[in-house]
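The lines below spell out each chain.
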Amino acid sequence: MSTRGSRTEKVKRIFQKFDANRDGGLNREEMAALVVAVNPRVKFSDEQISAILDEVFRTYGEFIDGEKGLTYDGLLRTYDDGAGDVDRDFDALGLDLNTVVDDGIFAALEEASSSSIVDERVIEAQKKQRTAAWAVSPNHGIVFDDTWKIVDDLEILIKRLKAKQSKDGKVKGDNSDAYSDAGWSRELGPSTEISEKRIHWEESGHDYALFLKELAALRTRADGARSREEAFDGHMAIGRVLYEHQLFKEALVSFKRACELQPVDVRPHFRAGNCFYVLGKYKEAKDEYLLALEAAENGGNQWSYLLPQIYVNLGIALEGEGMVLSACEYYREAAILCPTHFRALKLLGSALFGVGEYRAAVKALEEAIFMKQDYADAHCDLASSLHTMGDDDRAIQVFQKAIDLKPGHVDALYNLGGLYMDLGRFQRASEMYTRVLALRPNHWRAQLNKAVSLLGAGEADEAKKAMKEALKMTNRVELHDAIFHLKQLQKKKKLNGAANGEADFIVVESTKFKTVGDRTTLRQDLASALEIRSFQKITRLIRCDVDLLKKEMSENDVPISYSGGGAPEKAIRKPALEVILRRLLSFLKSETFQESVRAINEKILMLLDESGSGKVDVGIFYALVAPICGGLPDKRKRVAYDALLWRPVNEGSTEIRRSDAIRYIKLLRAIYIPSQGISEMMEIHGETGSDNTTVTLTDFLTMFDDPDWGFGVMSTLVKLERGDRIRHGNRVCSVCRYPIIGSRFKETKARFSLCSLCYSEGKVPSSYKKETYTFKEYGTESEALKDKCKCFPAHTKKNSPNNSS
C-alpha cells in the first residue's frame with residue numbers, strides 16, 4: 001500500500017497530467033479526459049460521462065474553483081473518499097514518480113531549502129493535503145500546532161476503530177459526505193438523505209470501549225494546553241473530526257466542553273446544535289442554535305458569515321419540533337441576509353407549502369430553482385404546490401423534471417401517483433406507486449394507494465392482492481375495511497354486473513329527502529357537521545379540553561397593541577400563536593402537529609389575517625376554536641363568550657358589545673359553514689362596529705344556537721362526536737358498499753341503508769327511483785332492533801322479521 005506521502009505525490013502527478021491549461025483546476029473537459037484515461041477498458045457514453053462529472057462537481061462543490069474546475073485538494077479528496085484507486089490509476093496512466101514537476105503550483109513542495117519560511121510553507125501544504133478543508137479555513141480552522149498533533153492521533157484512532165469494526169462486519173454504511181446539500185457547506189447540517197448515508201457505529205464491545213478510553217486521553221491533552229484558547233482549539237478540532245466521521249455523541253461532548261471554555265463563541269454552540277439535530281434531539285438543537293444566534297448578534301460583524309447558516313439550521317430544528325410557522329421566519333431571515341442562498345429559499349418554500357400558503361411557496365421555490373436548476377427537491381415541492389392550486393398540467397411537468405434529475409426520488413414518484421389518482425388516470429398512478437415500492441418495499445401507503453388505483457382501473461383481482469400486501473405491512477383498521485369493501489363490490493358485480501364492480505347511484509336534490517321524527521338529522525346539517533368533524537379530526541382540537549383555553553387566557557396574557565383603526569387588541573404574530581397551539585396540543589407528535597397547524601392556518605388564520613400583516617387577534621381565535629374543542633357543549637359556548645370578554649374592547653365588563661357578537665357569529669359561520677355563509681363572509685370586514693349596545697351571556701347563547709343565523713349545527717356535531725365510531729355489525733352502505741360507521745340512515749319504504757356521508761351527499765341506489773325518500777336515523781343497531789320489535793307485537797306470528805333490513 002502507498003504511504004500517505006507517495007499517495008499525494010501520485011495524485012499530484014495525475015493532476016498535473018490532466019491540467020492541460022495549467023490554471024490550477026480540472027474543468028469538465030479535463031476531468032472527462034481523466035475518467036476515460038483511467039478506465040481504458042470501459043466505453044463510456046456521453047450521458048454517462050456527463051452524469052459522472054455532475055456527481056463529482058456536486059459532491060465536491062467546496063473544492064470547485066469557479067471556471068477552473070476541481071482543485072488539486074479536491075482530486076486528493078476524491079481518492080481519500082474511495083472514489084478511485086490511486087495506485088491503479090497511476091499505473092494505468094504509465095506515470096513515474098521521477099517525472100519532472102514543472103508546474104508552479106507544486107514548486108514550493110519540491111523546493112529543497114533550509115529556510116524556515118520555506119519549511120513552514122511545506123508544512124502548511126502538507127496539512128492541507130491530509131486534512132479536511134475546514135481545518136485550514138481562516139474562519140473556523142485549527143490555530144495551534146499542538147492541535148494538529150491531536151488531530152493526527154485522533155485520525156489514527158478512528159481509522160483503527162473503523163478497520164476493526166469493518167473486519168468484524170459491525171460498522172454499517174460509510175459516507176462521510178452525508179450532510180451536505182449540493183453547493184452548500186456541510187455546516188448546514190444533514191440533508192434529506194442522511195438516513196440512507198448514515199454510518200452506524202457499534203458502540204458496545206471492547207474495541208469501542210478502548211477507543212473511548214484513548215479519546216478521553218486526547219481530551220485530557222487538550223485540557224492541559226498552555227492557554228484557554230489553545231484548549232478551546234483542541235476541543236473544537238476533536239469535535240470536528242468526530243463529526244466528520246459521524247461519531248456524533250462523542251463530537252457533542254467535545255463541543256459542549258468548548259462551550260464551557262468560551263461561552264460567547266458562536267461556533268461550539270452551532271456545532272453542538274448540529275449534533276443534537278442529527279441525534280434527533282430537536283429541542284436541544286434549537287436551544288443551542290438560539291445561543292449561537294445570540295452570540296452572533298452580540299459579536300458584531302465577526303460572525304456575519306455564519307448567520308445565514310444559523311438561521312437555516314434553527315428553522316430546520318423548529319420543523320423537527322413541528323413548528324413550521326416559526327421556521328418560516330428564520331428561513332426568510334437567511335434569504336434576506338444571503339439572497340443567493342438557494343437552500344434557504346427551498347426550505348422556505350417547502351415550509352410555506354407545509355402551512356398551506358401555496359402562492360408564496362411557489363414564488364420561493366421558483367426562485368430557488370432559478371438559482372439551482374438541478375434542485376430535484378425544490379422541483380418536487382413546487383409541483384406539489386402547483387397541484388394543490390389546481391395547475392395540474394404544469395405540476396406533472398415539474399414532477400417529471402424532479403424524477404429526471406433524480407430517478408429514485410420517492411416523494412416525487414409518490415406525489416405524482418397521487419396527482420394521477422386525482423385526475424382519474426389510475427393506470428399511470430399504479431405505475432408510479434409500483435416504482436415507489438421498488439425503491440421502498442415497505443412503503444405501506446404506496447401499497448395501499450396502488451391497490452386503490454388498480455381498483456379504479458378496473459383490475460379488482462390485482463387490487464385485492466395489493467391490498468393484502470399492504471395488510472402484511474401494517475395492521476391498520478382502515479385496511480380491513482378496504483378489503484371488506486372490495487369483497488362487497490365483487491359481490492355486487494356478480495349480482496348485477498355493474499361495470500368495474502362499482503355501485504350505481506343517483507344524486508337527489510335535498511328537497512326530496514324527508515325525515516321521520518325530530519331525532520333524524522337533516523341532510524344539510526349533517527353535511528356541514530361532517531365537514532367540521534373532519535376538521536376536528538385533522539387538527540385534534542377535540543382532544544384539547546376547552547378548560548385549557550380558559551387556563552391559557554388567565555395565565556398567559558398577551559400585550560395590547562392597536563389596530564389600524566385605533567382600537568386596542570391582543571394581536572400576535574402567527575409564529576407566536578403557533579407556540580400557544582403547541583402548549584394546547586402538547587400531546588401530539590411533531591408530524592401530526594404540523595398537519596394540525598396547516599389546517600388551522602388554512603381555515604382560520606388566513607381569514608383572521610385580513611390585512612396580510614401576519615398578526616391575528618388572539619381573543620377572536622380562542623372564541624372560534626372553543627366550539628370544536630373537547631368538553632361539554634355548554635362549557636364550550638361559555639368559554640367562547642369569555643374569550644370575547646377577554647378582548648381589550650370588552651375587558652372589565654360582564655357583557656360584550658353586540659357588534660362584536662354579530663361579527664363573531666358571522667366569522668364562525670364563514671369558517672365552518674362556508675356553503676351557507678358566503679355572502680356573510682363578504683360582510684365581515686365591512687362591520688362598522690357603531691352599535692355600542694351590549695349582550696349578556698343569555699342573549700349570546702340565543703344568538704349562538706339560532707339554527708338559521710347562528711351555529712345551531714353544533715348539536716349535530718356533538719352527536720357525531722359521540723357516535724361516529726359506532727359500527728353496525730356487517731351492514732354496508734347501499735351506495736358506497738363500505739361498512740356503516742356512525743349513524744345509519746334507513747329508507748322507511750324501500751328499506752335500503754345509507755352511511756352518513758352518502759346520506760349527506762344525497763346519493764341513493766339508482767334502482768330506487770322515487771319522488772321522495774323518507775329516512776329514519778339509527779345511532780346503534782340496538783335502536784334499530786327496538787324499532788323492529790315495535791313493528792311485531794308479541795301476540796302475532798303472521799310475519800317473520802327475516803325479510804326486514
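Residues numbered from 1 in each chain as written. Predicted model: local features only at pLDDT ≥ 70, side-chain atom pairs only at ≥ 80, totals over all residues. Heavy atoms only, no water.

1. Focus on the packing of helix H8 (residues 145–167) against helix H10 (residues 206–223)
The angle between the axes and the distance between the axes are what describe a pair of packed helices.
So, step 1. Contact geometry of H8 with H10 gives a least axis separation of 10 Å together with a crossing angle of 175 degrees. Relative to H10, the element H8 is oriented roughly antiparallel. Contact residues: Lys 149, Ile 150, Asp 153, Leu 154, Leu 157, Ile 158, Arg 160, Leu 161, Lys 164 and Gln 165 in H8; Asp 207, Tyr 208, Leu 210, Phe 211, Glu 214, Leu 215, Leu 218, Arg 221 and Ala 222 in H10.
So, step 2. Tallied by class, the residues present in the contact of H8 with H10 amount to eleven nonpolar, one polar and seven charged. (Axes fitted to C-alpha atoms, helices over the stretch in contact; angles between N-to-C directions. Helix = DSSP H or I, 4+ residues; strand = E, 2+ residues; numbered from the N terminus. Parallel < 35°, antiparallel > 145°, perpendicular 65-115°, else oblique. Contact = heavy atoms within 4.5 Å. Nonpolar A, V, L, I, M, F, W, Y, C, P; charged D, E, K, R; others polar.)

2. Some words on the pattern of salt bridges
So, step 1. Under the definition given, this model contains 44 salt bridges.
So, step 2. Ionic pairing is found between Asp 724 and Arg 533, a salt bridge with its closest N-O pair at 2.6 Å. Highlighted residues: Asp 724 in the loop between helix H35 (714–723) and strand S11 (727–732) and Arg 533 in helix H26 (residues 523–539), separated in sequence by 191 residues. Like Asp 724, the residue Arg 533 is buried in the burial classification.
So, step 3. Residues Arg 657 and Asp 660 are paired through a salt bridge, measuring 3.3 Å at the closest nitrogen-oxygen approach.
So, step 4. For Arg 657, a relative accessible area of 25% corresponds to the partly exposed category.
So, step 5. Assessed through its relative accessible area of 9%, Asp 660 is described here as buried. (Salt bridge = Lys/Arg side-chain N within 4 Å of Asp/Glu carboxyl O. Buried < 20%, exposed > 50% of the residue type's maximum accessible area, 1.4 Å probe, protein only.)

3. Some words on empty space enclosed by the protein
So, step 1. Summed over the entire model, instances satisfying the criterion amount to three cavities of 30 Å³ or more.
So, step 2. One number sums up the size of the largest cavity: a volume of about 60 Å³.
So, step 3. Lining the largest cavity, in full, are Leu 157, Arg 160, Leu 161, Lys 164, Asp 207, Leu 210, Phe 211 and Glu 214. (1 Å grid on protein atoms, 1.4 Å probe; cavity = no way out; pocket = protein on both sides within 12 Å on 5 of 7 lines; lining within 4 Å. Points joined across faces, edges and corners; volume = space filled by probe spheres on them.)

4. Observations regarding the pairing of strand S13 (residues 744–747)
Sheet faces and side chains relate simply in a regular strand, where the side chains alternate between the two faces.
So, step 1. Where burial is concerned, the two faces of S13 agree: the one with Arg 744 and Lys 746 and the one with Phe 745 and Glu 747 are both buried.
So, step 2. Judged from the two bridges that link them, S13 and strand S14 (residues 753–754) form a sheet pairing that is antiparallel. The partner of Lys 746 across the bridge, within S14, is Ser 753.
So, step 3. Two successive antiparallel strands, S13 and S14, enclose a turn made up of five residues, where Arg 751 displays a positive phi of approximately 65 degrees. (Pairing = 2+ DSSP bridges.)

5. What about the packing of helix H12 (residues 248–261) against helix H13 (residues 266–278)?
So, step 1. For the pair H12 and H13, the least separation of the axes is 9 Å and the interaxial angle reads 155 degrees. By the angle between their directions, the pair H12 and H13 is classed as roughly antiparallel. For the pair H12 and H13, the crossing hand works out as left-handed. Between H12 and H13, the residues in contact are Phe 248, Ala 251, Leu 252, Phe 255, Lys 256, Ala 258 and Cys 259 and Pro 268, His 269, Arg 271, Ala 272, Cys 275, Phe 276 and Val 278, respectively.
So, step 2. Residue composition of the contact of H12 with H13, by class: eleven nonpolar, one polar and two charged. (Left-handed = near helix turned anticlockwise from the far one by under 90°.)

6. Regarding the sheet that holds S14
Pairing between the strands of a sheet is mediated by backbone hydrogen bonds and can be parallel or antiparallel.
So, step 1. A sheet is described by the order of its strands in space; here four strands give the open sequence S4-S16-S13-S14, paired in mixed fashion. Strands with a single pairing partner mark the edges of an open sheet, and in this sheet they are strand S4 (513–515) and S14.
So, step 2. Here S13 pairs with strand S16 (residues 773–778) via four bridges, running antiparallel. Paired with Glu 747 across the two strands is Phe 775, which belongs to S16.

7. Considering the nonpolar core
So, step 1. Membership of the largest hydrophobic core comes to 146 residues, with the highest contact counts inside it found for Phe 211, Phe 621, Tyr 664 and Tyr 672.
So, step 2. Contacts of Tyr 664, omitting those with residues within four sequence positions, involve Ala 623, Leu 624, Pro 627, Ala 640, Leu 644, Phe 700 and Phe 704.
So, step 3. If you look at the next biggest cluster of nonpolar residues, it comprises 29 residues, including Ile 396, Val 398, Ile 403 and Tyr 420. (Core = buried A, V, L, I, M, F, W, Y, C linked by side-chain atoms within 4.5 Å.)

8. Notes on H10
Because each turn of an α-helix spans 3.6 residues, side chains separated by three or four positions end up pointing in the same direction.
So, step 1. Counted at 1.5 Å a residue, the expected span for H10 with its 18 residues is 26 Å, and the 26 Å between its end C-alpha atoms agrees.
So, step 2. For H10, the set of buried residues is Asp 207, Tyr 208, Phe 211, Leu 215, Leu 218, Arg 219 and Ala 222. For H10, the arc enclosing every buried residue in end-on projection is 110 degrees, short of the 170-degree limit, so these residues lie on one face. Facing away from the buried side of H10 by more than 90 degrees, the exposed set consists of His 206, Lys 213 and Thr 220.
So, step 3. Of the surrounding secondary structure, the elements contacted by the buried residues of H10 are H8, helix H11 (228–244) and H12. (Expected span 1.5 Å × (residues − 1). Arc of directions from axis to C-beta.)

9. With respect to the UniProt feature "repeat: TPR" (unreviewed entry) in the chain
So, step 1. Annotation from UniProt places "repeat: TPR" (unreviewed entry) at residues 232–265, 376–409 and 410–443.
So, step 2. The span residues 376–409 is 79% helix and 0% strand, and its two end C-alpha atoms sit 8 Å from each other. (UniProt positions renumbered as here; feature names shortened; annotations may be inferred.)

10. What about unusual backbone geometry?
So, step 1. Its identity as a non-glycine residue notwithstanding, Arg 737 has a phi of 70 degrees, on the positive side.
So, step 2. Along the chain, Arg 737 falls in the loop between S11 and strand S12 (739–741).
So, step 3. A residue is classified by how much of its surface remains accessible, and Arg 737, at 15% relative accessible area, is buried.
So, step 4. Residues other than glycine seldom take positive phi values, yet Arg 751 does so here, at roughly 65 degrees.
So, step 5. Within the fold, Arg 751 resides in the loop between S13 and S14.

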